[in-house]
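Here is how the chains run, residue by residue.
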Amino acid sequence: DAGSKSGRGALVVLEGLDRSGKSSQCARLLSYLEGQGCRAEGWRFPDRGTCVGQMISAYLANESQLDDRTIHLLFSANRWEKRALMESKLLGGTTLIVDRYSYSGVAFSAAKGLDIQWCKAPDVGLIAPDLVIYLDVQPEKAAERGGYGGERYEKIEFQKRVADHYHSLRDSTWKVVDGSLPMETVEEHLRELATNCIQECQEKPLTNLTW
Ligand code: TMP
Ligand code: MG
(Lines give C-alpha, C1' and ligand atoms only; values in the text may rest on other atoms or scores of the structure.)
(Ligands and ions follow the chains in the order given, each with its own letter.)
Protein backbone atom coordinates (compact mmCIF):
# COMPACT_ATOMS: atom_id res chain seq x y z
CA ASP A 1 0.00 0.00 0.00
CA ALA A 2 2.41 2.60 -1.30
CA GLY A 3 2.04 5.98 0.29
CA SER A 4 -0.86 5.15 2.59
CA LYS A 5 1.17 5.98 5.70
CA SER A 6 1.68 9.49 6.98
CA GLY A 7 5.12 10.24 5.46
CA ARG A 8 5.90 12.72 2.72
CA GLY A 9 5.24 12.11 -0.93
CA ALA A 10 7.95 11.20 -3.43
CA LEU A 11 9.23 13.36 -6.25
CA VAL A 12 9.45 11.02 -9.23
CA VAL A 13 10.69 12.49 -12.51
CA LEU A 14 10.47 10.93 -15.97
CA GLU A 15 12.99 12.06 -18.53
CA GLY A 16 13.70 11.18 -22.13
CA LEU A 17 13.82 12.42 -25.68
CA ASP A 18 10.79 13.84 -27.42
CA ARG A 19 8.35 11.01 -28.28
CA SER A 20 10.06 8.58 -25.92
CA GLY A 21 6.69 7.65 -24.41
CA LYS A 22 7.06 9.64 -21.18
CA SER A 23 3.66 11.29 -21.21
CA SER A 24 1.74 8.02 -21.78
CA GLN A 25 3.78 6.26 -19.13
CA CYS A 26 3.27 9.10 -16.64
CA ALA A 27 -0.50 8.82 -17.13
CA ARG A 28 -0.43 5.03 -16.75
CA LEU A 29 1.73 5.19 -13.65
CA LEU A 30 -0.47 7.84 -12.10
CA SER A 31 -3.68 5.87 -12.55
CA TYR A 32 -1.98 2.75 -11.18
CA LEU A 33 -0.82 4.59 -8.05
CA GLU A 34 -4.22 6.16 -7.52
CA GLY A 35 -5.78 2.71 -7.86
CA GLN A 36 -3.44 1.54 -5.09
CA GLY A 37 -4.83 4.22 -2.81
CA CYS A 38 -1.70 6.37 -3.09
CA ARG A 39 -2.17 10.14 -3.11
CA ALA A 40 -0.45 11.23 -6.32
CA GLU A 41 -0.59 13.98 -8.93
CA GLY A 42 0.77 14.21 -12.45
CA TRP A 43 2.81 17.32 -13.22
CA ARG A 44 4.79 18.35 -16.27
CA PHE A 45 7.41 20.88 -17.27
CA PRO A 46 7.16 23.11 -19.12
CA ASP A 47 3.91 23.95 -17.32
CA ARG A 48 2.30 25.84 -20.17
CA GLY A 49 -0.52 27.14 -17.98
CA THR A 50 1.43 30.05 -16.45
CA CYS A 51 2.46 33.35 -18.08
CA VAL A 52 6.04 32.11 -18.33
CA GLY A 53 4.74 28.81 -19.68
CA GLN A 54 2.85 30.60 -22.44
CA MET A 55 6.04 32.33 -23.55
CA ILE A 56 7.77 28.95 -23.63
CA SER A 57 4.92 27.38 -25.56
CA ALA A 58 4.99 30.11 -28.22
CA TYR A 59 8.75 29.64 -28.57
CA LEU A 60 8.42 25.87 -28.98
CA ALA A 61 5.73 26.36 -31.63
CA ASN A 62 8.13 28.67 -33.52
CA GLU A 63 5.69 31.53 -33.03
CA SER A 64 8.34 33.59 -31.28
CA GLN A 65 12.13 33.84 -31.32
CA LEU A 66 14.17 34.08 -28.13
CA ASP A 67 17.87 34.15 -27.37
CA ASP A 68 19.15 30.70 -26.23
CA ARG A 69 20.04 31.87 -22.74
CA THR A 70 16.78 33.73 -22.35
CA ILE A 71 14.64 30.67 -23.12
CA HIS A 72 16.85 28.58 -20.85
CA LEU A 73 16.17 30.92 -17.94
CA LEU A 74 12.43 30.95 -18.72
CA PHE A 75 12.33 27.13 -18.50
CA SER A 76 14.10 27.40 -15.13
CA ALA A 77 11.78 30.18 -13.95
CA ASN A 78 8.84 27.96 -14.89
CA ARG A 79 10.13 25.38 -12.39
CA TRP A 80 10.88 28.01 -9.74
CA GLU A 81 7.37 29.41 -9.89
CA LYS A 82 6.08 25.93 -8.97
CA ARG A 83 8.63 25.19 -6.23
CA ALA A 84 6.56 26.35 -3.24
CA LEU A 85 3.50 24.39 -4.34
CA MET A 86 5.67 21.37 -5.08
CA GLU A 87 7.16 21.49 -1.58
CA SER A 88 3.79 21.80 0.16
CA LYS A 89 2.31 18.92 -1.87
CA LEU A 90 5.25 16.65 -1.08
CA LEU A 91 5.31 17.52 2.61
CA GLY A 92 1.55 17.02 2.74
CA GLY A 93 2.03 13.43 1.58
CA THR A 94 1.24 13.73 -2.14
CA THR A 95 3.56 11.96 -4.56
CA LEU A 96 4.32 13.90 -7.74
CA ILE A 97 4.93 12.13 -11.03
CA VAL A 98 6.66 14.78 -13.12
CA ASP A 99 7.05 14.65 -16.89
CA ARG A 100 10.46 16.42 -17.42
CA TYR A 101 12.43 18.52 -14.93
CA SER A 102 15.83 20.22 -14.64
CA TYR A 103 17.59 17.45 -16.62
CA SER A 104 15.59 18.44 -19.70
CA GLY A 105 16.58 22.01 -18.98
CA VAL A 106 20.28 21.20 -19.07
CA ALA A 107 20.29 18.51 -21.79
CA PHE A 108 18.35 20.55 -24.33
CA SER A 109 20.18 23.83 -23.77
CA ALA A 110 23.60 22.16 -23.66
CA ALA A 111 22.73 20.48 -26.98
CA LYS A 112 22.64 24.01 -28.45
CA GLY A 113 26.21 24.51 -27.28
CA LEU A 114 25.64 26.40 -24.03
CA ASP A 115 28.08 25.73 -21.20
CA ILE A 116 26.83 22.91 -18.96
CA GLN A 117 27.75 24.57 -15.67
CA TRP A 118 26.00 27.72 -16.80
CA CYS A 119 22.94 25.64 -17.68
CA LYS A 120 22.88 23.92 -14.28
CA ALA A 121 23.29 27.02 -12.14
CA PRO A 122 19.77 28.51 -12.21
CA ASP A 123 18.20 25.22 -11.05
CA VAL A 124 20.36 24.91 -7.92
CA GLY A 125 17.97 25.03 -4.96
CA LEU A 126 14.97 23.48 -6.66
CA ILE A 127 13.73 20.32 -4.94
CA ALA A 128 15.88 17.30 -5.72
CA PRO A 129 13.99 14.32 -7.18
CA ASP A 130 13.91 11.08 -5.21
CA LEU A 131 13.96 9.10 -8.44
CA VAL A 132 14.68 9.94 -12.08
CA ILE A 133 13.47 7.40 -14.61
CA TYR A 134 15.07 7.81 -18.02
CA LEU A 135 13.10 6.24 -20.85
CA ASP A 136 15.81 5.19 -23.23
CA VAL A 137 14.71 5.28 -26.89
CA GLN A 138 16.90 5.67 -29.98
CA PRO A 139 16.34 9.06 -31.63
CA GLU A 140 15.51 7.29 -34.92
CA LYS A 141 12.84 5.18 -33.21
CA ALA A 142 11.32 8.18 -31.46
CA ALA A 143 11.09 10.00 -34.79
CA GLU A 144 8.94 7.19 -36.20
CA ARG A 145 6.32 7.79 -33.54
CA GLY A 146 3.17 9.79 -34.26
CA GLY A 147 3.16 13.56 -34.04
CA TYR A 148 6.95 13.94 -34.42
CA GLY A 149 8.40 17.13 -35.83
CA GLY A 150 5.66 19.45 -34.67
CA GLU A 151 7.81 21.42 -32.22
CA ARG A 152 11.12 23.21 -32.37
CA TYR A 153 13.47 20.55 -30.98
CA GLU A 154 11.99 17.52 -32.75
CA LYS A 155 14.84 16.90 -35.19
CA ILE A 156 16.93 13.72 -35.14
CA GLU A 157 20.39 15.35 -35.19
CA PHE A 158 19.47 17.65 -32.33
CA GLN A 159 17.89 14.82 -30.30
CA LYS A 160 21.11 12.80 -30.66
CA ARG A 161 23.04 15.59 -28.98
CA VAL A 162 20.36 15.83 -26.28
CA ALA A 163 20.74 12.08 -25.65
CA ASP A 164 24.51 12.50 -25.18
CA HIS A 165 23.98 15.24 -22.63
CA TYR A 166 21.34 13.23 -20.76
CA HIS A 167 23.90 10.44 -20.58
CA SER A 168 26.45 12.68 -18.89
CA LEU A 169 23.87 13.84 -16.30
CA ARG A 170 23.10 10.35 -14.96
CA ASP A 171 23.70 9.98 -11.22
CA SER A 172 22.70 7.63 -8.40
CA THR A 173 19.04 8.68 -8.46
CA TRP A 174 18.67 7.58 -12.11
CA LYS A 175 17.15 4.37 -13.36
CA VAL A 176 17.33 3.73 -17.09
CA VAL A 177 14.40 1.83 -18.60
CA ASP A 178 14.47 0.55 -22.18
CA GLY A 179 11.64 2.53 -23.75
CA SER A 180 11.60 0.33 -26.85
CA LEU A 181 10.17 -2.60 -24.87
CA PRO A 182 6.42 -3.24 -25.12
CA MET A 183 4.38 -0.55 -23.38
CA GLU A 184 3.09 -3.00 -20.75
CA THR A 185 6.63 -4.10 -19.89
CA VAL A 186 7.81 -0.53 -19.50
CA GLU A 187 4.74 0.18 -17.38
CA GLU A 188 5.55 -2.78 -15.12
CA HIS A 189 9.13 -1.54 -14.56
CA LEU A 190 7.88 1.94 -13.71
CA ARG A 191 5.33 0.63 -11.22
CA GLU A 192 8.00 -1.27 -9.35
CA LEU A 193 10.53 1.57 -9.35
CA ALA A 194 7.98 4.16 -8.22
CA THR A 195 6.42 1.95 -5.54
CA ASN A 196 9.82 1.21 -4.00
CA CYS A 197 10.78 4.86 -4.11
CA ILE A 198 7.53 6.01 -2.48
CA GLN A 199 8.04 3.56 0.38
CA GLU A 200 11.70 4.40 0.87
CA CYS A 201 11.44 8.15 0.99
CA GLN A 202 8.48 8.53 3.37
CA GLU A 203 10.71 9.36 6.33
CA LYS A 204 13.52 11.06 4.40
CA PRO A 205 13.74 14.86 4.44
CA LEU A 206 13.39 16.74 1.18
CA THR A 207 16.67 17.96 -0.24
CA ASN A 208 17.62 20.58 -2.77
CA LEU A 209 19.11 20.02 -6.16
CA THR A 210 22.87 20.62 -6.10
CA TRP A 211 23.93 18.63 -9.21
P1 TMP B 1 7.18 18.63 -23.86
O2 TMP B 1 7.06 18.10 -25.26
O3 TMP B 1 7.46 17.58 -22.86
O4 TMP B 1 6.02 19.53 -23.50
O5 TMP B 1 8.49 19.56 -23.84
C6 TMP B 1 8.63 20.56 -24.77
C7 TMP B 1 10.05 20.72 -25.22
O8 TMP B 1 10.77 21.56 -24.33
C9 TMP B 1 10.83 19.43 -25.36
O10 TMP B 1 11.46 19.42 -26.64
C11 TMP B 1 11.89 19.53 -24.29
C12 TMP B 1 12.07 21.01 -24.10
N13 TMP B 1 12.51 21.46 -22.77
C14 TMP B 1 13.63 22.27 -22.66
O15 TMP B 1 14.28 22.58 -23.66
N16 TMP B 1 13.99 22.73 -21.43
C17 TMP B 1 13.28 22.41 -20.30
O18 TMP B 1 13.65 22.85 -19.20
C19 TMP B 1 12.12 21.56 -20.43
C20 TMP B 1 11.33 21.22 -19.22
C21 TMP B 1 11.78 21.11 -21.68
MG1 MG C 1 6.98 17.48 -27.03
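See above for the structure.
Let me begin by describing the structure that accompanies this report. Nothing here was measured: the structure is a model prediction, and the numbers come from that model.

### A few points about the overall build of the protein
Part 1: Looking only at helices and strands, the protein has nine helices and five strands in total.
Part 2: Each helix (α) and strand (β) of the protein, taken in turn from the N terminus, gives the series β-α-β-α-α-α-β-α-α-β-α-α-β-α.
Part 3: A compact globule built from 211 residues should have a C-alpha radius of gyration of about 17 Å, and the protein, at 16 Å, falls within 12% of that.
Part 4: Dimensions along the principal axes, computed over C-alpha positions, put the protein at roughly 45 × 35 × 30 Å.
Part 5: Per-residue burial for the protein yields a buried fraction of 48% across its 211 residues.
Part 6: By element, 50% of the accessible surface of the protein is carried by carbon and sulfur atoms, the whole surface being about 9,800 Å².

### Here's the deal with the packing of aromatic side chains
Part 1: Summed over all chains, the structure comprises 12 aromatic pairs.
Part 2: Relative to Trp 211, the ring of Tyr 103 lies with its centre 5.5 Å away and its plane at 75 degrees, an arrangement referred to as edge-to-face. On the criterion of sequence distance, the pair formed by Tyr 103 in helix α5 (residues 102-110) and Trp 211 in the segment after α9 (183-200) is long-range, its members being 108 residues apart.
Part 3: On the basis of relative accessible area, Tyr 103 is assigned to the buried category, the value being 2%.
Part 4: With a relative accessible area of 30%, Trp 211 lands in the partly exposed category.
Part 5: An aromatic cluster is defined as three or more aromatic residues linked by ring pairs; in this entry it consists of Tyr 59, Tyr 103, Phe 108, Tyr 134, Tyr 153, Phe 158, Tyr 166, Trp 174 and Trp 211.
Part 6: If you follow Arg 69 out to its NZ or CZ, it ends over the ring of Trp 118, 5.6 Å from the centre.
Part 7: The side chain of Arg 152 reaches across the aromatic face of Tyr 59, ending 3.7 Å from its centre.

About the criteria used
- Residues numbered from 1 in each chain as written.
- Chains lettered and ligands numbered in written order.
- Predicted model: local features only at pLDDT ≥ 70, side-chain atom pairs only at ≥ 80, totals over all residues.
- Heavy atoms only, no water.
- Helix = DSSP H or I, 4+ residues; strand = E, 2+ residues; numbered from the N terminus.
- Rg over C-alpha atoms; globule rule 2.2 N^0.38 Å.
- Buried < 20%, exposed > 50% of the residue type's maximum accessible area, 1.4 Å probe, protein only.
- Areas by Shrake-Rupley, 256 points an atom, 1.4 Å probe, with all protein chains shown as cover.
- Phe/Tyr/Trp six-rings, centres within 6.5 Å; stacked < 30°, edge-to-face > 60°.
- Lys NZ or Arg CZ within 6 Å of the ring centre and 35° of its normal.

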